[in-house]
Amino acid sequence: MNQTIPGPCPRLHREGAHVASTPYLVLRGVVLRETQTKEADKILTVLTAERGRIAVIARGARRKGCKFAAAAQPLVWSEWTLYQKGEWYYANEGTTLELFNGLRGDLEALALGFYFAELTEAVTSEESPAPELLRHLLNGLYALSALHRPHALVKAAFELKLLCLAGYEPLADGCAYCGCPDPEEPLLDVVQGVLRCRKCGVKESALSMPLCRDSLAALRHIVYGDPKRLYSFTLEGKAMERLAGAAEAFLAAQLERGFRTLDFYKSLQPPDLPTQ
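Residues numbered from 1 in each chain as written. Predicted model: local features only at pLDDT ≥ 70, side-chain atom pairs only at ≥ 80, totals over all residues. Heavy atoms only, no water.

For helix α2 (residues 107–122), which comprises 16 residues, the first-to-last C-alpha distance of 23 Å matches the rise-based estimate of 22 Å (1.5 Å per residue) to within 8%. Taking burial as the measure, the 16 residues of α2 include 12 buried ones, the bulk of the element. Within α2, burial applies to Ala109, Leu110, Ala111, Leu112, Gly113, Tyr115, Phe116, Ala117, Glu118, Leu119, Thr120 and Glu121. Capping the start of α2 is the job of one residue whose side-chain oxygen sits 3.1 Å from the backbone nitrogen of Glu108: Asp106. (Helix = DSSP H or I, 4+ residues; strand = E, 2+ residues; numbered from the N terminus. Expected span 1.5 Å × (residues − 1). Buried < 20%, exposed > 50% of the residue type's maximum accessible area, 1.4 Å probe, protein only. Polar contact = N/O pair within 3.5 Å; in protein donor to acceptor, adjacent residues only side chain to side chain.)

Turning our attention to the layout of surface pockets. One number sums up the size of the second largest pocket: a volume of about 280 Å³. What lines the second largest pocket is a set of 15 residues, among which Leu32, Arg33, Phe114, Arg260 and Thr261 lie closest to the centre. Those elements that provide at least two residues to the lining of the second largest pocket are β2 (25–37), α2 and α7 (260–267). Residue contributions to the lining of the second largest pocket peak at seven residues, all from α2. (1 Å grid on protein atoms, 1.4 Å probe; cavity = no way out; pocket = protein on both sides within 12 Å on 5 of 7 lines; lining within 4 Å. Points joined across faces, edges and corners; volume = space filled by probe spheres on them.)

On to the pattern of salt bridges. Across all of its chains, the model carries 12 salt bridges by this definition. As a salt-bridge pair, Lys155 and Glu248 come within 2.7 Å of each other at their nearest N and O atoms. With Lys155 in helix α4 (residues 151–165) and Glu248 in helix α6 (residues 237–255), the pair connects residues that are 93 residues apart, well separated along the chain. Judged by relative accessible area, Lys155 falls into the buried class, the value being 7%. One salt-bridge network, held together by shared partners, links Lys155, Glu159, Glu248 and Lys266. (Salt bridge = Lys/Arg side-chain N within 4 Å of Asp/Glu carboxyl O.)

Structure below.
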């Protein structure tokens with residue numbers, strides 16, 4: 001299964017092109033979020049490959065006749081012609097490259113898309129190149145929009161790979177204490193970011209999440225596998241629950257913050273039925 005975005009991703013290298021004989025700059029990026037300001041304007045937070053996260057003032061973006069209104073929506077992959085004044089970029093033109101329409105008709109997928117955007121914003125910096133993180137976000141949005149993979153699987157894979165790209169890669173090749181490549185009753189220490197056997201490192205571990213053979217194999221696929229095949233694995237039942245729990249706990253421990261978009265996504269999930 002090829003996870004590469006058709007169209008946008010292979011053309012990331014065009015970002016940062018200058019329009020000949022003008023002060024304008026052409027950038028491609030994903031709109032992470034919008035802030036409505038004045039009567040018809042927006043301030044867009046856009047993730048680009050060459051300049052990382054930038055703030056773009058899109059004047060008139062909320063007017064009915066605005067030519068770049070579609071490009072100025074959150075979770076849209078767009079090409080912008082901008083000019084810069086001080087720390088701000090101003091939109092002159094905008095073209096939509098990918099709307100990810102599959103997100104728009106599925107509230108749960110849309111909520112996850114906004115969570116992915118908030119997560120990505122949290123680990124990127126202004127004016128710092130972020131081509132791998134941009135590609136990861138594009139592929140994550142494509143997976144939600146078009147691949148028809150279970151949302152829990154896409155969420156866990158996105159979280160773990162995002163942390164790897166941001167410098168928080170867990171050591172998952174064996175027990176950090178005894179060195180066993182196949183830990184007995186494996187656990188992920190989400191604070192130290194290491195794998196361990198249940199009987200190893202008990203005193204040193206502050207918080208560990210249980211895994212199993214299948215969830216550990218999925219974890220290693222995400223961390224060490226080909227990024228183009230990130231979502232090409234299958235996991236169900238308890239194994240999926242353990243991977244999802246470990247991914248979310250690891251992210252919370254490493255970033256040390258919560259995400260309002262995650263809270264909203266969880267509010268859409270059906271309540272657990274009481275066991276008899």
